[in-house]
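Chain by chain, the residues:
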Amino acid sequence: MVVEGGVAGWNLTGIVCQDPDGGTSVDLPGRAAIIDVDEGESITCNFMMQQAPPPVDRKVIFVQGIDSFSGSCGAASRSNVKWLVDYIIGPNGSWIREVAPTLNSAADFIYFSYSYMTPYCKDNGVENYRKPSYQAKDTCVGVKIAASRLQSLATKLVAKYPNARFDIVAHSMGAMVASYWLTTRPQMQSRVNSVITFDGVLRGVPHRNVLSSACPKDSRSWLDLKCNNYYQAQDPDRCVSRIVSAIARAGVHSGVPFYTIDATQKDEVSIFEVDLQTPIEFVKGNRTTLLASRSRLHCRFDNNHSSVWRSPFVLNDPVECWVDVLTAANTPTFSIASVSDFVKPAFVGCAITRAADPQACLTSH
């Protein structure tokens, strides 16, 4: 028996032996040729090798929404999603790292900055992408400009990590930014493994809900968000936003799966219509999926718009989920009656691993 011992950076792809009487056999999984040599016989075996591709360098990019701010060198940004990072790189996330082994430290999590002039704090003169530096007013520039800044970040990351592949985790308007970036930068689509949105305003928000502490109502960001009738996004009288229709088929055009979370179902935020004085939802459930592109997995968590991003916990049972759904209007594909503390990070993990069976993935973790 002759066994190929392995060469670092190379894969054994085949073993071919020339034996006059055919007595020699090969065991490719065992990397061996079992040689049956007879007197006067000459046998030749070729072990065929191919250079292994470099390992994919997995990175997660967090994109926050309108009115967000980074805090001092990203302290607030990191604090908001620390629960998720800790899960993925900790003992509970070992099943994720089996699929994405390079996603194994806090350094693999990148934080998008809305700022243009000084987007990141620097360590020894070098931008640290874990330390974004922006104020709430920087989120008023609009989705298109923000998407161009996301492209600038992605370009820098690819230069630094040539084999990078990204999972985008976005909240609120950040989901619009990520979707528009993906739609308008086809050259980057092969770099994106998944897009995961937390109460993303993928179909806009009603005009009456346009309230913000940092961005005026006539700011570009609010105009990008405003859409009264999201089923007729092409009608300018019903939908001010041109972004809603632009990103409608983001998942179809790119081939990148979307995983969407609806947070606002029972616990409504404190926004009131002036005329009726009745509470309304900031991002109504069916506005959290794309207009014409199915969500690979969509779940309703009983949080509010803010806490779904900042807290690992779900307020109440059950969690309702749909698989391959355009709109969450029909009977859920499945429900989780008793929700664990890890259901939200597990949702993200199922997206990062692109589980073949999202239901089995989410219910088993």
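Residues numbered from 1 in each chain as written. Predicted model: local features only at pLDDT ≥ 70, side-chain atom pairs only at ≥ 80, totals over all residues. Heavy atoms only, no water.

1. Observations regarding the packing of helix α2 (residues 82-89) against helix α10 (residues 343-352)
Each pair of packed helices can be summarised by the angle the axes make with each other and by the distance between the axes.
Alright, step 1. Where α2 meets α10, the axes come as close as 10 Å, and the angle between the chain directions of the two elements is 60°. Between α2 and α10, the crossing angle belongs to the class labelled oblique. Note that α2 runs across α10; the crossing there is right-handed. From α2, Trp 83, Leu 84, Tyr 87 and Ile 88 reach across to α10, where they touch Lys 344, Pro 345, Ala 346, Val 348 and Ile 352.
Alright, step 2. Class assignment for the residues of the contact of α2 with α10 results in eight nonpolar, no polar and one charged. (Axes fitted to C-alpha atoms, helices over the stretch in contact; angles between N-to-C directions. Helix = DSSP H or I, 4+ residues; strand = E, 2+ residues; numbered from the N terminus. Parallel < 35°, antiparallel > 145°, perpendicular 65-115°, else oblique. Left-handed = near helix turned anticlockwise from the far one by under 90°. Contact = heavy atoms within 4.5 Å. Nonpolar A, V, L, I, M, F, W, Y, C, P; charged D, E, K, R; others polar.)

2. Description of the confidence of the model for the chain
Alright, step 1. Residues with a pLDDT of 70 or more make up 90% of the chain, whose mean pLDDT is 88.
Alright, step 2. Model confidence for the chain, summarised as mean pLDDT per element, is weakest for helix α8 (residues 250-254) at 87 and strongest for strand β7 (residues 109-111) at 98.
Alright, step 3. Segment residues 266-281: pLDDT under 50, and 28 contacts once partners within four positions in sequence are set aside and those in other chains are kept. (pLDDT = per-residue confidence, 0-100.)

3. So, the pairing of strand β14 (residues 319-325)
Alright, step 1. As paired strands, strand β13 (residues 295-303) and β14 are joined by five bridges and run antiparallel to one another. For Arg 300, the partnering residue across the bridge sits in β14 and is Glu 320.
Alright, step 2. Sheet topology places β14 next to strand β15 (residues 334-336); three bridges connect them, and they run antiparallel. Across the sheet, Val 319 pairs through a bridge with Ile 336, a residue of β15. (Pairing = 2+ DSSP bridges.)

4. Here we look at a nonpolar patch on the surface
Alright, step 1. On the surface, Met 1, Val 3 and Ile 34 cluster together to form a nonpolar patch covering roughly 300 Å² of accessible area.
Alright, step 2. For Ile 34, the position within the fold is in strand β4 (residues 32-34). (Patch = residues over 30% accessible without salt bridge, like charges linked within 9 Å, V, L, I, M, F, W, Y side chains within 5 Å. Areas by Shrake-Rupley, 256 points an atom, 1.4 Å probe, with all protein chains shown as cover. Salt bridge = Lys/Arg side-chain N within 4 Å of Asp/Glu carboxyl O.)

5. So, the sheet that holds strand β1 (residues 2-3)
Alright, step 1. The strand order across the open sheet formed by three strands is β1-β4-β3, and the pairing between neighbours is antiparallel. In this open sheet, the two edge strands, each paired with only one partner strand, are β1 and β3 (25-27).
Alright, step 2. By the bridge criterion, three bridges tie β3 to β4 in an arrangement that is antiparallel. Bridging across to β4, Asp 27 finds its partner in Ala 32.

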